[in-house]
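One letter stands for each residue in the lines below.
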Amino acid sequence: DVMVYRPNGVTVNAMMTVLVENGWCHLALSLYLDHLHHADDVSHLKALSACIQIDDFELGKSVHFGVEEEHRSSVSLKHSLIDFYGHFGGIQEAQRIFEGIAAEDRDWFSIGSMMKALISNGLCGDALSLYHSHRSLQNDVCHTLAVSACKVMGDLESGQAIHRQIESERHRMS
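Residues numbered from 1 in each chain as written. Predicted model: local features only at pLDDT ≥ 70, side-chain atom pairs only at ≥ 80, totals over all residues. Heavy atoms only, no water.

A word on unusual backbone geometry
Residues apart from glycine generally show negative phi values, whereas peptide bonds are mostly found in trans. Of note, Asp 55 is a non-glycine position whose phi angle comes to about 55°, a positive value. Take Asp 55: it is sitting in the loop between α3 (41–53) and α4 (57–69). Asp 55 gets classed as exposed once you look at its relative accessible area, which sits at 51%. (Helix = DSSP H or I, 4+ residues; strand = E, 2+ residues; numbered from the N terminus. Buried < 20%, exposed > 50% of the residue type's maximum accessible area, 1.4 Å probe, protein only.)

Let's talk about the environment of Ser 113
The residue Ser 113 is located in helix α7 (residues 108–120) in this model. Each C-alpha atom, one on Ser 113 and one on Phe 88, is 14 Å from the other, the two residues being 25 residues apart in sequence. Those residues in contact with Ser 113 that sit more than four places away from it in its chain are His 79, Ile 82 and Asp 83. (Contact = heavy atoms within 4.5 Å.)

A short note on α3
The α-helix winds at 3.6 residues per turn, so residues separated by three or four positions along the chain end up facing the same way. With 13 residues, α3 should reach 18 Å at 1.5 Å per residue; the first-to-last C-alpha distance of 18 Å fits that figure. For α3, every residue scored as buried is listed here: Asp 41, Ser 43, His 44, Lys 46, Ala 47, Leu 48, Ala 50 and Cys 51. Where α3 is buried, its residues touch α1 (9–21), α2 (25–34), α4 and α5 (75–87). Its side-chain oxygen at 3.1 Å from the backbone nitrogen of Val 42, Asp 40 defines the N-terminal cap of α3. (Expected span 1.5 Å × (residues − 1). Polar contact = N/O pair within 3.5 Å; in protein donor to acceptor, adjacent residues only side chain to side chain.)

Considerations on the packing of aromatic side chains
Following the criterion strictly, the structure yields six aromatic pairs and no others. Geometrically, the ring pair formed by Phe 84 and Phe 88 is tilted, given 4.9 Å between the ring centres and 55° between the ring planes. Here Phe 84 falls in the buried class, since its relative accessible area comes to 0%. With a centroid separation of 5.3 Å and an interplanar angle of 65°, the aromatic rings of Trp 108 and Phe 109 are classed as edge-to-face. Accessibility expressed as a relative area gives 36% for Trp 108, which makes it partly exposed. A network of ring pairs unites the aromatic residues Phe 57, Phe 84, Tyr 85 and Phe 88 as a single cluster. Here the basic side chain of Arg 106 rests over the ring of Phe 98, its NZ or CZ set 4.2 Å away from the ring centre. (Phe/Tyr/Trp six-rings, centres within 6.5 Å; stacked < 30°, edge-to-face > 60°. Lys NZ or Arg CZ within 6 Å of the ring centre and 35° of its normal.)

Focus on the environment of Ala 14
Tracing the sequence through the fold places Ala 14 in helix α1. When its relative accessible area of 42% is taken as the criterion, Ala 14 is described as partly exposed. Note: C-alpha distance between Ala 14 and Cys 25 (eleven residues apart in sequence) is 14 Å.

Side note on the pattern of salt bridges
The final tally for this structure, using the stated rule, is four salt bridges. Two residues, Lys 46 and Glu 21, come together in a salt bridge whose shortest N-O distance is 3.9 Å. On the criterion of sequence distance, the pair formed by Lys 46 in helix α3 and Glu 21 in helix α1 is long-range, its members being 25 residues apart. For Glu 21, a relative accessible area of 59% translates into the label exposed. We note a salt bridge from Lys 61 to Glu 58, for which the minimum N-O separation is 3.7 Å. In this pair, Lys 61 and Glu 58 both sit in helix α4, three residues apart, roughly one turn of the helix. Assessed through its relative accessible area of 33%, Lys 61 is described here as partly exposed. For Glu 58, a relative accessible area of 52% translates into the label exposed. Here the salt bridges share partners, and the residues they tie into one network are Glu 68, Glu 93 and Arg 96. (Salt bridge = Lys/Arg side-chain N within 4 Å of Asp/Glu carboxyl O.)

Spatial relationships are all this shows, so hold off on functional conclusions.
Printed below as a string of structure tokens:
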């Protein structure tokens, strides 16, 4: 008997994951485009990651357009879109997507994605404002990004204040 390969969403996503993680982004994107009818959030996430790796802004925008057409709105997909637009300097679109995440759905990953986008686009002061306005969602990733923003701005005093805050929080926990 001959086994016939019939891809489904799981196999397409598994193949895309392996391809993207091993730098075969063009092949992953070809697979994505060939099997759009199987696409789900994982497929879109991997496609956006591949677009970032190969610097293909136009294809990434078409992935975003397709996601909006399907009315997909998972938070993890929005995080990837923030990363995508932040990478390509589309900070206004990244902010629009971030603001579209309901306050109760925002988590440290949401804050970290937006902070990273702001920092990579030279908006370190905005990244710090976001960090300070979401104190309850901060974690080590957000703290590291905040200190990085201070470093880029040459603001040693703010960086030291954040470090003291982190140390104080750690002492209270122990």
